[in-house]
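Notes for the structure review
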Amino acid sequence: MAQAKISAKASEGAPQQQQQQPPSAGQLRGRFYRSTSMADRSSRLLENLDQLELRVEAFRDAASAMEQEKETLLEMIHNIQNSQDMRHISEGEREELNLTANRLMGRTLTVEVSVETIRNAQQQESLLHATKMIDEIVNKLLDDLEDAKIRLMSLYGACTSDVPAGPIDQKFQSVVIGCAIEDQKKIKRRLETLLRNLENSEKSITLLEHQKSSIRHSCNTKQD
């Protein structure tokens, strides 16, 4: 009995080994931050921001492309509605096609895409000045179509890096240079659209005059 008591006491007095717990996530993060210098952290954050900047610019470019696609679709629908082919089909077919075109135009207009351009005061003033110069020509289109086309081509020549086919409007060029880069692109696109529409109008007028001439010639032949 005595031996059993001594053995039990010895067992009770023996030191017990404590099991080590693995470090928590917070402890690991603390060790990591302590071992990382401020310069390393700053460099890593800057790298992340650089990558985000690329994604932001790609996002803006994609939105701008959608803006251009919307403008192109509306222009194409409008051109179809005003084409010579639409004038040379039956009334019923023309009405049905116009209904389809109007439906497509309405669906296109439901898409709202807007990319705001950041401008300083000088860039804002330059944009307003450039827009006014274009509007002045557009407002006089019906007065003299040929003169308007020549003037628009001189404005377009001031916006392109290619060798222009005609004279350049130096005043307009100096105004456009003062605009933001994104505004310069939009101004160029607007002039391209106006010139395309003028080209289509000239073709329509030429075709109409040819038709009138043919009718007059046919009438004269019958009279003879």
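Residues numbered from 1 in each chain as written. Predicted model: local features only at pLDDT ≥ 70, side-chain atom pairs only at ≥ 80, totals over all residues. Heavy atoms only, no water.

The protein is annotated in an unreviewed UniProt entry as BAG domain-containing protein from Callipepla squamata.

Observations regarding a negative patch on the surface
To keep things clear, this is the line we draw: Patches in this entry comprise residues that are over 30% relatively accessible and not in a salt bridge; like charges within 9 Å are linked, as are nonpolar side chains (Val, Leu, Ile, Met, Phe, Trp, Tyr) within 5 Å. Method for areas: the Shrake-Rupley scheme with a 1.4 Å probe, in which residue coverage is limited to the protein chains shown. Every case where a carboxyl oxygen of Asp or Glu lies within 4 Å of a side-chain nitrogen of Lys or Arg is listed as a salt bridge. The charge count includes Lys and Arg as positive and Asp and Glu as negative, but it does not include His or the ends of the chains. Charge positions come from single atoms, namely NZ of Lys, CZ of Arg, CG of Asp or CD of Glu. Using a 1.4 Å probe on the protein chains alone, a residue whose accessible area is under 20% of its type maximum counts as buried, one over 50% counts as exposed, and one in between counts as partly exposed.
A contiguous patch of negative charge on the surface is contributed by E47, D50, E53, E57 and D61. Residue E53 is classed as partly exposed on the basis of its relative accessible area, which comes to 49%.

Brief notes about the pattern of salt bridges
Basically, it comes down to this: Helix and strand definitions here come from DSSP, where helices need a minimum of 4 consecutive H or I residues and strands a minimum of 2 consecutive E residues; each element is numbered from the N-terminal end.
This structure, assessed with the given rule, holds seven salt bridges. Here R196 makes a salt bridge to E75, at a shortest N to O gap of 2.8 Å. In this pair, R196 sits in helix α9 (residues 181–223) while E75 sits in helix α3 (residues 38–81), placing the two residues 121 residues apart along the sequence. Taking the relative accessible area as the measure of exposure, R196 reaches 39% and is therefore partly exposed. The closest approach of N and O atoms between D135 and R190, which form a salt bridge, is 2.6 Å. Of this pair, D135 sits in helix α6 (residues 121–138) while R190 sits in helix α9, and the two are 55 residues apart along the sequence.

Notes on the side chain of K70
The following threshold applies: When checking whether two residues touch, look at their non-hydrogen atoms; a contact exists if any pair is within 4.5 Å.
Looking at the element boundaries, K70 is found in helix α3. If near-sequence neighbours (up to four positions away) are discounted, K70 is found in contact with T108, L109, V111 and E112.

Here's the deal with the state of the cysteines
Note the threshold: Pairs of cysteine sulfur atoms within 2.5 Å are what we label disulfides.
Tallied over the full model, the rule gives zero disulfides. Left unpaired, C159 is separated from the closest cysteine sulfur, that of C179, by 8.8 Å.

Describing the layout of surface pockets
Here the idea is plain: a probe the size of a water molecule rolls over the atoms and shows the empty space left. Test applied: Here a cavity denotes grid points, spaced 1 Å and computed from the protein atoms alone, that fit a 1.4 Å probe unable to get out, and a pocket denotes an open set having protein on both sides within 12 Å along at least 5 of 7 lines; residues with an atom within 4 Å of a point are the lining. Grid points are joined across faces, edges and corners, and a volume is the space filled by probe spheres set on the points. Under the scheme applied, nonpolar residues are Ala, Val, Leu, Ile, Met, Phe, Trp, Tyr, Cys and Pro; charged residues are Asp, Glu, Lys and Arg; polar residues are all the others, including Gly. The split into domains, and so the bounds of each, comes from an automatic or database assignment of domains.
There is about 380 Å³ of room inside the largest pocket. If you trace the largest pocket, you find 17 residues lining it, with E71, K186, I187, R189 and R190 closest to the centre. Of all the secondary structure elements, the ones that give two or more residues to the lining of the largest pocket are α3, α6 and α9. Per element, the largest residue contribution to the lining of the largest pocket is eight residues, and it comes from α9. When grouped by side-chain class, the residues that make up the lining of the largest pocket number three nonpolar, four polar and 10 charged. Two domains each provide a minimum of three residues to the lining of the largest pocket, namely domain 1 (43–115) and domain 2 (122–223).

Observations concerning the nonpolar core
Short version of the rule: The definition of a nonpolar core used throughout is a set of buried Ala, Val, Leu, Ile, Met, Phe, Trp, Tyr and Cys residues joined through side-chain atoms within 4.5 Å.
I134, L152, L155, C159, F172, I187 and L191 are the most contacted members of the largest nonpolar core, which has 20 residues in total. Those elements that provide at least two residues to this core are α6, α7 (145–157), α8 (170–177) and α9. If we ignore the near neighbours within four places in the chain, the residues touching L152 are I137, L191, L194, L195 and L198.

So, α3
Worth spelling out the cut-off: Here a helix's expected span is defined as the number of its residues, less one, multiplied by 1.5 Å.
Taking 1.5 Å per residue, 44 residues should reach 64 Å; α3 reaches 65 Å between its end C-alpha atoms and fits that length. For α3, the full list of buried residues reads A63, E67, K70, E75, I77 and Q81.

So, the packing of α6 against α8
Spelled out, the test is: Where helices are involved, their axes are fitted lines through C-alpha atoms of the stretch in contact, as for all axes, and angles between N-to-C directions lie from 0 to 180°. Left-handed describes a crossing whose near helix is turned anticlockwise from the far helix through less than a right angle; right-handed describes the clockwise counterpart.
Direction vectors running N to C along α6 and α8 enclose 145°, while the axes themselves pass 8 Å from each other. The hand of the α6/α8 crossing is left-handed. The residues of α8 that touch α6, namely those facing S126, H129, A130, M133 and I134, are K171, F172 and V175. Residue classes in the contact of α6 with α8 are distributed as five nonpolar, two polar and one charged.

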